Each structure stands twice: as structure tokens, then as C-alpha cells.
Amino acid sequence: MEKSIKKFRNMIKEKRMIDSMLAILQWDLETQTPKGGYKLISEMIGELSLKSYNLTTSKEVLDTIKKLKESLNKIDPIIKKEIDFLEEEIEKLKVIPPEEYKMYSELTAKAQGVWEVAREDNNFEKFAPVLEEIFSFNKKFIEYRKLDSDIYSTILNDYEKGMNVSKLDLFFDGLKKEIVPFLKEINEKKRNFSDKLSFTSSKLEQEKFSKEILRYIGFDLERGILSESAHPFTLTVNKDDVRLTTRYFEELPFSSVFSTIHEGGHGIYEQGVAEELKETMLADGSSMGIHESQSRFYENIIGRSREFWYGLLDRSKDKYKSLSTLSLDEVYKGINEVTPSLIRVEADELTYSLHIMVRYEIEKGILSGEYEIKDLPKIWNEKMYEYLGVVPENDKEGVLQDVHWSCGLIGYFPSYALGNVYSIQILNAMKKQMNVEGVLERGELNKIKIWLNENIHKHGKSKSPNEIMLSVTGEELNPDYYITYLKEKYTNIYD
Ligand SMILES: [Zn+2]
């Protein structure tokens, strides 16, 4: 038994080591690699992914799991959970032929470069063939598992345990019924709140401010880094090396502020996983939806609140020239202006989930065979018009704007919408125990971080999304609170 545990720990260590190497290669690919280097780095990623695949599905691993399961009641609960996750992973992997797995890993690494060029050239046709391949690999991999549920529901459940098409259909139907008409009403009251925020700020100034905000909300820059990339993201090598990126537009300084706070929320989660889980498979977020609940919590509930800026403005005004002329009210209204826009990452809180709805319906349509890849630009534009009332003039502002599909992240988008819903439920629970507004006004962001850490972060992956929601809020996912929150907030701002 002792021997099997030791063997198991060593195998997990090796597996985590490979994952960390993959993370560093991925980081390099997205922040540093020149175009000429894509090919080799993609091959390296393919090679290492195959190594990880071989290790996970090896006879040695299977035998060790079998041994440990013979005396399951004597095993530490952490290892028990790890075995559950490992077995799930093996179930998914073992049906895929290794060569196909490697081909797919190389394809997705290469596809990011293809997507970038297509986006730069504003030409969807250049991206369409690889996108077609990525979707068909995903479809094939799910079919290999021979499950009863439909393909998209299986994918959704892989990201978020318990999620499926019928639950999400219900959620998005709610948005169509409540938020789409509410948005139309608000649009009639067009205000130009954000004019005050459109000043120029140098990249250097924005970078300094972004780091100041990260420190202010509690991201540990000794165990993390902030860099720059076309599409902001968070990448974890381990909990003591958490890497964030943001992006700077000189004409739109508040864009980097919100990207930074968003990624900071992911980063604080990763840094906060309990030390005892560090070397285990549980050193990760509970699910992508819970992960997004943390980033959206920091970005919207904290970052777009009046009280946060009340606390922050005073501290930063004399240090950042661009901020010195702005009043609290100008900032608050400016950052909360509702403008149906084309770009998801720049979207306000009210319209954000409508952007997700467009992507959700497209993924569902392709996987069910209703839509064809070649028609995506047209379908995209029609849906944007229907839900947001705006139409992209080109693919760069439309179907080519997100990196996700090129990385193989099909089914990821709904995590953002789920994150929004979770975050409001989490806020309501927090408010029962803490004067959140007062804490923000006094700049005591640490209290919020400690609360989130105690209730969510430290548990890592050892609790499922449902278990977290039940223990924190006493309820499962419930979109009603989210819809009520949005209507209240924006009725106030827009009278
Ligand atoms: Zn995120």
C-alpha cells in the first residue's frame, strides 16, 4: 500500500511536470514566439502532449490505480479524488488513437498562427479549413466515447459537471425574454457617459497602473507576472508561478484596466489553492465556470462598482496624470455605459452574455450539423443583429475575434455566462456576512480575497461546481438573481 501510494505520487508528479512544461511552451507561443518559430514550438507541444497521453494511459498507471482501489477506504481523501479525476481522464483518452491525439495537439498549436494571420488579413476563408478540422476532431473524439448524450452536451459536461444543452437553452431563453428587450429600452436612452474616459494614456502609464491595481486587489506579483498579448489570458505553471497578460490601447486606457482585473481574478484563484494540494491533481480551479465566476466577480462586481473607485481614485489620482481630472461619478457612469458593441472582450456587463449566446448557438448548430463552417460569417452577423442590434463590417470584428476555437476550446464560451451567474449568487452570499460596499470604500480588498479564499479558492478542484455553490450560497446555479441584478443596476444608472 505504502509502495503504491509512493508510486502514485511519483506518477502524478511527472504528469504535473509535463503539464508545467506545456504551459511554459504555450506561454512562449502566445507572448514571444516569432512567426518563424510557430512550427517548431507546435511540434514540441505535440511531442509533449503525446508523452502526457502515454503516461496517463500507461499500464503502470492503470495497475497502480487498481492496487490503490483495493484498499480504497484506507486512502487519504485527496488521493481518492485524484483517482476519480484520473480515471475520468483515462476514459476520455484511451478511446483516442495516440497518433490522432498528437495530430490534434499539433493542429491546435498551429491553428493559432493561422487564426492570427486570417484575423490580420480579415479573411475568414483562410481560417475555415483548420476550423473545420478542429470541429471534426472534437466531434470524433466524443463519438469514440459512445455515450448516450448528444455531442455538445457531453462537451459542456466536460467543462462543467452537470451542464447540458437543455439547461443552457433555458438560461439563454431567459436572456432573450428579459435582457434583449431591456437592452432595446436602454438603447433608446442613449447617453454618452464614456466620452469622459476616452483620453490618451501611454502604454507605460497603463502598465504601471495595471500593476498597481493588481497589487490593490491582492494578486501577488512575487508569485506572478503581468505581460502583454493580443488576447489576454491567465496561465498557471504552478501556484507560485501564475502568469497573466493584458493588452494596451493608448486611446482606450480603461480597456487594459478591465482586462487586468479580469485576469487578476483568475490569478488570485490560482494563487489561493491550498498548499497541501500543490503537488496534486487538485491544484486547479473547480471548473471553468467557477474560474470565470472569480474573474467576472473581480472585473464587474468589484471593478465596475462605485465603491471600488471611491477607494482607488484617492490613492491613485496624484500618481496617474490621466485620472486626475476625473470625478468619481464620471468614472462610475463611464465604465458602466451600455453600448451594444461588436467585440466580446470590450462588452459591458449588460450585453456580455448576449455575445456568449451568439457563440453558444453557433457551436450547437455546427455540432448538430445544422450549420456549415463556410456560412459562419453570415450566421454570426445575423445573430449579432438579432440580439445586439449591431452588425460587424468585417470578419475581424465578427467571427474571427476570439482565439478560443483555434486552441480547440469548443464549448468554453458558456463558462463565461455561467461565471456571470455564479458571481452574483456568490456576491449575495458574501453580503450576508460582510458589508461589501464599506470594505470596498475603505480599500480593504484583502477581506474579500480572504472570504473568497476560504469559501472557494483554497479547495481547488476538490469540490465540484455544484458542491461549491451549495456550500457557499445554499443553492444550485440560479440565473434569476443574475437577471434581477442586471435590471436593477442598469435601471439605476439609466433612471
Ligand atoms: Zn476569463
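As the structure is a computational prediction, the values presented were derived from the model and not from experiment.

J.: Any details on the overall build of the protein chain? Residues and values, ideally.
T.: Secondary structure assignment for the protein chain yields 20 helices and three strands. Over its C-alpha trace the protein chain gives a radius of gyration of 23 Å, about what one expects of a compact globule, namely 23 Å for 495 residues. For the protein chain, buried positions account for 38% of its 495 residues. At a minimum sequence separation of 6, the contacts of the protein chain that also span at least 24 residues come to 73%.

J.: Please set out the domain arrangement of the protein chain residue by residue, giving values where relevant.
T.: Once the domains are mapped, the protein chain shows domain 1 (2-128) and domain 2 (165-493). Contact with domain 1, which involves 27 residues of that partner, is made by 26 residues of domain 2. Counting only elements with at least two residues in the side of domain 1 that touches domain 2, the list comes to α1 (2-31), α4 (77-94), α5 (98-120) and α6 (124-144). At ten residues, α1 tops the list of elements feeding residues into the side of domain 1 that touches domain 2. When the residues that make up the side of domain 1 that touches domain 2 are grouped by side-chain class, the tally is 14 nonpolar, seven polar and six charged.

J.: Give a description of the pairing of strand β3 (residues 241-246) that names residues and reports values.
T.: With five of six residues buried, β3 lies mostly within the body of the structure. Relative to β3, strand β1 (residues 224-228) runs parallel, the two being bridged by five bridges. Residue pairing in the sheet places L226 in a bridge with L244 of β3. Of the pairings in the sheet, the one linking strand β2 (residues 234-238) to β3 comprises four bridges and is antiparallel in character. When the sheet's bridge partners are listed, L235 is paired in β3 with R243. Between β2 and the antiparallel strand that follows it, β3, lie two residues.

J.: An account of the nonpolar core is needed here, citing residue identities and associated values.
T.: Note that soluble globular proteins tend to have their nonpolar side chains buried in a common cluster. Among the nonpolar cores identified, the biggest contains 89 residues, and F127, L168, I179, I217, M357, V421 and Y422 are the most heavily contacted of them. At nine residues, helix α14 (residues 349-368) tops the list of elements feeding residues into this core. When we break this core down by domain, the ones giving at least three residues each are domain 1 (2-128) and domain 2 (165-493). Residues within four places of I217 in sequence aside, it is in contact with I261, G264, I268, Y298 and L445. Counting residues in hydrophobic clusters, the runner-up holds six residues, among them L86, V273, L277 and L282.

J.: I'd like to hear about the sheet that holds β2, residue by residue, with values.
T.: With mixed pairing, three strands are arranged side by side in an open sheet as β1-β3-β2. Since the sheet does not close on itself, it has two edges, and those belong to β1 and β2, each with one partner. Adjacent strand axes in the sheet meet at a mean angle of 20° when their direction is disregarded. Lying on the sheet, helix α10 (residues 253-271) is in contact with β1, β2 and β3; it crosses β3 at an angle near 165°.

J.: Got a sec to walk through the packing of α5 against α6? Specific residues and values, please.
T.: Following both chains from N to C, one finds α5 and α6 inclined at 155°, their axes separated by 9 Å at the closest point. The pairing of α5 with α6 is recorded here as roughly antiparallel in orientation. Judged by the sense of rotation from one axis to the other, the crossing of α5 with α6 is left-handed. Residues Y104, L107, T108, A111, V114, W115, V117 and A118 of α5 form the contact with α6, whose own contacting residues are F124, K126, F127, V130, E133, I134 and F137. Within the contact of α5 with α6, the residues separate by chemical class into twelve nonpolar, one polar and two charged.

J.: How would you summarise the environment of G174 if you had to cite specific residues and measurements?
T.: Along the chain, the position of G174 falls in helix α8 (residues 165-188). C-alpha of G174 to C-alpha of I483: the two residues are 309 residues apart in sequence and 8.3 Å apart in space.

J.: Would you mind going over α14 in detail, with residue names and values included?
T.: For α14, with 20 residues, the first-to-last C-alpha span of 30 Å sits near the 28 Å given by 1.5 Å per residue. In terms of residue burial, α14 counts as a mostly covered element, since 16 of its 20 residues are buried. Residue G369 follows α14 closely and has a positive phi angle near 90°.

J.: Quick one: what's the story with the environment of I366, residue by residue and with numbers?
T.: Note that I366 resides in helix α14. Assessed through the 25 C-beta atoms surrounding it within 10 Å, I366 is described here as buried. Linking I366 and K487, residues 121 residues apart in sequence, is a C-alpha distance of 32 Å.

J.: So what's going on with α6? Residues and values would help.
T.: With 21 residues, α6 should cover 30 Å at 1.5 Å per step; its first-to-last C-alpha distance of 30 Å lies within 8% of that length. Maximal helix bending in α6 amounts to about 30°, located at V130. For α6, the complete set of buried residues consists of F124, F127, V130, L131, I134, N138, F141 and I142. Positive backbone phi, approximately 50°, marks K146, located one or two places after α6.

J.: Give me the packing of α8 against α14: which residues, what numbers.
T.: Contact pair α8 / α14: the axes reach a minimum separation of 10 Å and the direction vectors enclose 135°. By the angle between their axes, α8 is oblique relative to α14. For the element pair α8 and α14, the recorded crossing hand is left-handed. On the side of α8, the interface is formed by V165, L168, F172, L175, I179, V180 and L183, while α14 contributes L350, T351, S353, L354, M357, Y360 and K364. Each residue belonging to the contact of α8 with α14 can be placed in one class, and the counts come to eleven nonpolar, two polar and one charged.

Thresholds, definitions, all that
Residues numbered from 1 in each chain as written. Predicted model: local features only at pLDDT ≥ 70, side-chain atom pairs only at ≥ 80, totals over all residues. Helix = DSSP H or I, 4+ residues; strand = E, 2+ residues; numbered from the N terminus. Rg over C-alpha atoms; globule rule 2.2 N^0.38 Å. Buried ≥ 20, exposed ≤ 12 C-beta atoms within 10 Å, placed from the backbone. Contact = placed C-beta atoms within 7 Å. Domains from an automatic or database assignment. Nonpolar A, V, L, I, M, F, W, Y, C, P; charged D, E, K, R; others polar. Pairing = 2+ DSSP bridges. Core = buried A, V, L, I, M, F, W, Y, C linked by C-beta atoms within 7 Å. Axes fitted to C-alpha atoms, helices over the stretch in contact; angles between N-to-C directions. Parallel < 35°, antiparallel > 145°, perpendicular 65-115°, else oblique. Left-handed = near helix turned anticlockwise from the far one by under 90°. Expected span 1.5 Å × (residues − 1). Bend = angle between axes of the 7 residues up to and from the residue.

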